[in-house]
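Survey of secondary and tertiary structure
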Amino acid sequence: MRHRWDLTYAEARDLQRELASKLDTTTPLSRFDLIASADVSFNRFDTEIAAAVVVVRAETFEVVERVGLMFPMTFPYIPGLLSFREAPALIEAFSRLKTPYDVILMDGQGIAHPRRIGIASHLGLLLDRPCVGCAKTRLTGTHDEPGPKRGDRVPLLDGEEVIGTVLRTKDRVKPLYVSPGHRCDLESAVDLVLATSGKYRLPTPSRMVHDYVNEVRRRAKGLRPP
DNA sequence: GCGACAG
DNA sequence: ATCTTGTCGC
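Residues numbered from 1 in each chain as written. Chains lettered and ligands numbered in written order. Predicted model: local features only at pLDDT ≥ 70, side-chain atom pairs only at ≥ 80, totals over all residues. Heavy atoms only, no water.

A closer look at the protein's contact with DNA strand B
If you check the shell around DNA strand B, you find 17 residues, and the closest are Y77, G80, K136, T137 and R138. Of what DNA strand B places within 4 Å of the protein, 52% of the atoms are sugar or phosphate. In the model, a base nitrogen of DNA strand B is placed 3.2 Å from a nitrogen or oxygen of the G80 main chain. (Near = heavy atom within 4 Å. Polar contact = N/O pair within 3.5 Å; in protein donor to acceptor, adjacent residues only side chain to side chain.)

Re the pattern of salt bridges
The final tally for this structure, using the stated rule, is 15 salt bridges. Across the salt bridge formed by E92 and R96, the nearest N and O atoms sit 3.0 Å from each other. By relative accessible area, R96 is classed as partly exposed at 46%. The network of salt bridges with shared partners includes R31, D33, R57, E62 and D102. (Salt bridge = Lys/Arg side-chain N within 4 Å of Asp/Glu carboxyl O. Buried < 20%, exposed > 50% of the residue type's maximum accessible area, 1.4 Å probe, protein only.)

A short note on helix α4 (residues 186-195)
Most of α4 sits out of view: 7 of its 10 residues are buried. Looking at the packing, one finds that the buried side of α4 touches β1 (34-41), β4 (103-107), β5 (131-135), β6 (153-158), β7 (161-167) and β8 (176-182). (Helix = DSSP H or I, 4+ residues; strand = E, 2+ residues; numbered from the N terminus. Contact = heavy atoms within 4.5 Å.)

With respect to the pairing of strand β2 (residues 48-57)
The element β2 is largely enclosed, with a buried count of 8 among its 10 residues. Counting the residues between successive antiparallel strands, the hairpin from β1 to β2 contains 6 residues. Of the pairings in the sheet, the one linking β2 to strand β3 (residues 63-72) comprises 9 bridges and is antiparallel in character. Residue V53 lies in a different strand from β3, and its bridge partner there is V67. What sits between β2 and β3 in their antiparallel hairpin is a turn of 5 residues, with F61 showing a positive phi close to 65°. (Pairing = 2+ DSSP bridges.)

Treat this as a map of the structure, not an account of what it does.
Encoded structure:
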């Protein structure tokens, strides 16, 4: 499934409402042996964005394949419309990936979004692959403070509706916002994040792709140490 | 109108 | 998101 990206904000929101109705957030993940972690990186005023995907074996964190590239960035950052800025570059990166993977782990919200279609949901839907959303901060929803220990969690709510889980992945560090993206349910999403984290706040595959995508950007732009 | 607001 | 050293807290 594909669609155009050069839309007005109103058109983009209409498209989101249309796409959101196609999401599957009730099917448990059958497996997550091979995780395709995706991320982007860019400079404040640059017009190019670095996108990368790292396929990691969940049990060992061994890197199976990496793809990194630079891509033109045209859409601005508008809260709620993040995918229109970052997804085109990510989709290009995924198109160059050869390794079959079980699930995508995306930095950002899944259905924990005003229209229930954050970048993890949007990406999963367009690629027709299971996708988990794991964000560092909140976009929408309310919640209590989870307990202080790793594994402690509390529901992320929008009124009565559960749209995600605020999950502590490490003792006494800020919790993460986990929500299903597509072809995945909330329980599976939390399981995956918990199974791949512990040493750091972020899941290890997320840290790996974050480091790699920064390396890709710096190598393309040439950053000089002062 | 005011405050909130993934990356 | 990125630019950046030291520093406070467990």
